[in-house]
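# Tertiary structure, described
Spelled out from the first residue to the last, the chains are:
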Amino acid sequence: MARIVVKIGSNVLTRKDGKPNVTNMSAIVDQVAELREKGHEVIMISSGAVACGRGAIRPSRQLDKVEERQLFSSVGQIRLINIYNDLFSQYGIVIGQVLTQKENFNSRTSYLNQRGCMITMLANGVLPIVNENDTASLTELMFTDNDELSGLIATMVDADTLVILSNVDGIYTGNPADPSSRLIRKVSPGEDVSGNVVASKSGFGRGGMGTKCGIAGKVSEEGVRVIIACGYRQNVLVDVIENPEAVPHTEFEPVTQPLSSLKRWIAHSGSFAKGRLKVDEKAAEVLRSDNAVSLLPVGVTAVEGDWEEGDIVNIYDHEDNLIGVGRSAVSSDVARDLAGKKGERHLVHYDYLYIES
Ligand code: GLU
């Protein structure tokens with residue numbers, strides 16, 4: 001039995017005119033039901049609210065981007081979830097809706113609360129269907145897209161596999177439309193294939209293959225196998241899990257020694273950082289080494305921003321390259337006092353430090 005997170009993009013769920021693509025939704029529901037029947041646990045991350053709302057209502061005046069997102073998602077989300085409810089109830093599957101936003105991941109308490117919610121739903125046989133709360137998310141604090149959200153959820157619930165269903169078969173060695181491009185079947189841990197991705201984004205969703213590739217790399221380094229496949233293919237979801245040879249896809253192999261769950265949370269927290277710690281060359285070298293070391297004040301050359309003890313900070317080297325992310329053991333005021341001093345306690349303890357590889 002595996003725990004599987006499935007992310008379905010707006011283009012798979014909606015037709016060109018913005019109406020829900022009930023045929024595709026129904027095919028996905030059949031497959032999720034089959035996976036559950038086989039004993040797997042499934043969490044769905046479903047986009048499509050904004051796209052569905054767009055097809056359902058014509059605004060009375062020209063709206064700005066934020067108003068559009070709020071109006072369309074408020075109308076579209078309920079349609080989407082109603083269709084899921086109808087389709088899943090034919091299998092006797094009870095679904096639960098989780099609307100979330102970035103703030104729910106930025107403190108350890110809210111992260112654990114969100115995790116607890118998912119685990120309780122799964123333990124009670126409820127199928128969680130997750131989307132960003134697009135009516136409430138502030139633009140500057142939004143997830144880049146639901147690919148980012150699906151990565152956070154997959155690592156948060158210790159999923160075995162994250163399947164991202166897109167409108168292409170996976171990552172190609174060049175433009176997928178070019179016949180000389182080849183589908184990359186496997187990506188090893190640490191391998192960077194982002195250079196192959198042609199910058200393009202089609203249809204309704206916010207994400208593109210660029211973000212998918214970045215998220216897949218990061219999530220697989222945290223011990224979750226990631227599969228990118230085409231959501232239009234018949235039986236794709238069951239096949240990528242049960243019979244992967246049968247269906248084209250790209251697999252990001254997971255590392256065998258994943259990070260602890262605390263470090264995973266820290267690893268994903270860089271975009272919530274309240275401030276920056278800059279370190280000298282020597283400290284950067286020590287942090288980047290394989291040794292388990294904490295960040296000590298002696299190597300810190302600059303403290304930027306205002307934060308409280310326990311907040312997340314980004315750590316930069318002397319050339320302003322991001323080294324990692326950590327949970328500060330002290331407030332920014334104390335960090336300023338201690339910066340550069342020898343023999344003081346750590347500013348970020350090793351257990352709360354994530355260094356980029
Ligand atoms: N949350 C958005 C929606 O449901 C989708 C975001 C994305 O495209 O990734 O419409």
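Let me begin by describing the structure that accompanies this report. No experiment lies behind these values; they were computed from the predicted model shown.

### Observations regarding the overall build of the chain
- Assigned secondary structure in the chain consists of 11 helices and 13 strands.
- Relative to the compact-globule value of 21 Å for 357 residues, the chain shows a C-alpha radius of gyration of 21 Å, a close match.
- Dimensions of the chain, computed from the C-alpha atoms along their principal axes, are close to 65 × 50 × 45 Å.
- Within the chain, residue pairs in contact and separated by at least 24 positions form 72% of the contacts whose partners lie at least 6 positions apart.
- Carbon and sulfur atoms make up 47% of the accessible area of the chain, which amounts to about 16,300 Å² in all.
- Side chains of the chain carry 37 positive and 46 negative charges; the gap between the two charge centres is 4 Å.

### Brief notes about the packing of helix α6 (residues 146-156) against helix α7 (residues 209-221)
- It is at 9 Å that the axes of α6 and α7 come closest, and there the two elements cross at 10°. With respect to their mutual orientation, α6 and α7 come out roughly parallel. Residue-level inspection shows Asp-147, Glu-148, Gly-151 and Thr-155 of α6 in contact with α7, the latter providing Thr-211, Lys-212, Ile-215 and Val-219.
- Here the contact of α6 with α7 is composed, by residue class, of 2 nonpolar, 3 polar and 3 charged.

### Comments concerning unusual backbone geometry
- Positive phi values are uncommon outside glycine, yet Asp-158 reaches one of about 55°.
- Tracing the sequence through the fold places Asp-158 in the loop between α6 and β5 (161-166).
- On the basis of relative accessible area, Asp-158 is assigned to the partly exposed category, the value being 34%.
- In this model, Asp-320 sits at a positive phi of 70°, which is unusual for a non-glycine residue.
- Note that Asp-320 resides in the loop between β11 (312-316) and β12 (322-327).

### A short note on the nonpolar core
- Core analysis: the biggest nonpolar cluster contains 43 residues, and Ile-43, Phe-105, Ile-153, Ile-171 and Phe-252 have the highest contact counts within it.
- Contributions of two or more residues to this core are made by β2 (41-46), α5 (108-123), α6, β5, α7, β7 (225-230) and α9 (261-267).
- Not counting residues within four places of it along the chain, the set of residues in contact with Ile-171 comprises Arg-182, Leu-183, Ile-184, Val-193, Val-197, Met-209, Cys-213, Ile-228, Thr-250 and Phe-252.
- Formed by 35 residues, the second largest nonpolar core is a distinct cluster that contains Ile-8, Val-12, Ile-81 and Val-236.

### As for the environment of Thr-14
- Mapped onto the elements of the fold, Thr-14 is located in the loop between α1 (10-13) and α2 (22-37).
- Using a relative accessible area of 4% as the deciding quantity, one classes Thr-14 as buried.
- Residues Thr-14 and Gly-48, 34 residues apart in the sequence, show an inter-C-alpha distance of 6.6 Å.
- There is a polar contact of 2.5 Å between the side chain of Thr-14 and the backbone oxygen of Ser-10.

### Here we look at the pattern of salt bridges
- According to the stated counting rule, one finds 18 salt bridges in the structure shown.
- With a closest N to O distance of 2.7 Å, Asp-17 and Arg-15 form a salt bridge.
- Because the salt bridges share partners, they merge into one network encompassing Arg-276, Lys-278, Glu-304 and Asp-320.

### Looking at the environment of Ser-110
- Note that Ser-110 resides in helix α5.
- Separated by 129 residues in sequence, Ser-110 and Asp-239 have C-alpha atoms that sit 35 Å apart.

### Topic: the sheet that holds strand β4 (residues 127-132)
- One open sheet accounts for 8 strands, arranged β3-β4-β2-β1-β5-β7-β8-β6; its pairing is mixed. On the outer flanks of this sheet lie β3 (95-100) and β6 (186-187), each paired with one strand and no other.
- Pairing of strand β1 (residues 3-8) with β5 involves 5 bridges; the strand directions are parallel. Pairing of Ile-8 across the sheet is with Leu-165, part of β5.

### Regarding the packing of aromatic side chains
- Summed over all chains, the structure comprises 4 aromatic pairs.
- Seen in terms of ring centroids, Phe-105 and Phe-143 are 5.8 Å apart; in terms of plane orientation they differ by 80°. Their pairing is edge-to-face. Of the two residues, Phe-105 sits in the loop between β3 and α5 while Phe-143 sits in the loop between β4 and α6, which places them 38 residues apart along the sequence.
- A relative accessible area of 1% means that Phe-105 is categorised as buried.
- With a relative accessible area of 1%, Phe-143 lands in the buried category.
- Seen in terms of ring centroids, Tyr-111 and Trp-265 are 6.1 Å apart; in terms of plane orientation they differ by 50°. Their pairing is tilted. Taken together, the positions of Tyr-111 in helix α5 and Trp-265 in helix α9 put the pair 154 residues apart, joining distant regions of the chain. The same class applies to Tyr-111 and to Trp-265, which are both buried.
- Note that Lys-263 overlies the ring of Tyr-350, its terminal NZ or CZ placed 3.6 Å from the centroid.

### Things to note about helix α10 (residues 281-288)
- Taken residue by residue, α10 has Ala-283, Ala-284 and Leu-287 as its buried positions. Relative to the axis of α10, the buried residues are bounded by an arc of 100° and lie together on one face. The exposed residues of α10 that point more than 90 degrees off its buried face are Glu-281, Lys-282 and Glu-285.
- For α10, the elements touching its buried residues are β9 (275-279), β11, β12 and β13 (353-355).

Basis of the calculations
Residues numbered from 1 in each chain as written. Predicted model: local features only at pLDDT ≥ 70, side-chain atom pairs only at ≥ 80, totals over all residues. Heavy atoms only, no water. Helix = DSSP H or I, 4+ residues; strand = E, 2+ residues; numbered from the N terminus. Rg over C-alpha atoms; globule rule 2.2 N^0.38 Å. Contact = heavy atoms within 4.5 Å. Areas by Shrake-Rupley, 256 points an atom, 1.4 Å probe, with all protein chains shown as cover. Lys, Arg positive; Asp, Glu negative; His and termini not counted. Charge placed at Lys NZ, Arg CZ, Asp CG, Glu CD. Axes fitted to C-alpha atoms, helices over the stretch in contact; angles between N-to-C directions. Parallel < 35°, antiparallel > 145°, perpendicular 65-115°, else oblique. Nonpolar A, V, L, I, M, F, W, Y, C, P; charged D, E, K, R; others polar. Buried < 20%, exposed > 50% of the residue type's maximum accessible area, 1.4 Å probe, protein only. Core = buried A, V, L, I, M, F, W, Y, C linked by side-chain atoms within 4.5 Å. Polar contact = N/O pair within 3.5 Å; in protein donor to acceptor, adjacent residues only side chain to side chain. Salt bridge = Lys/Arg side-chain N within 4 Å of Asp/Glu carboxyl O. Pairing = 2+ DSSP bridges. Phe/Tyr/Trp six-rings, centres within 6.5 Å; stacked < 30°, edge-to-face > 60°. Lys NZ or Arg CZ within 6 Å of the ring centre and 35° of its normal. Arc of directions from axis to C-beta.

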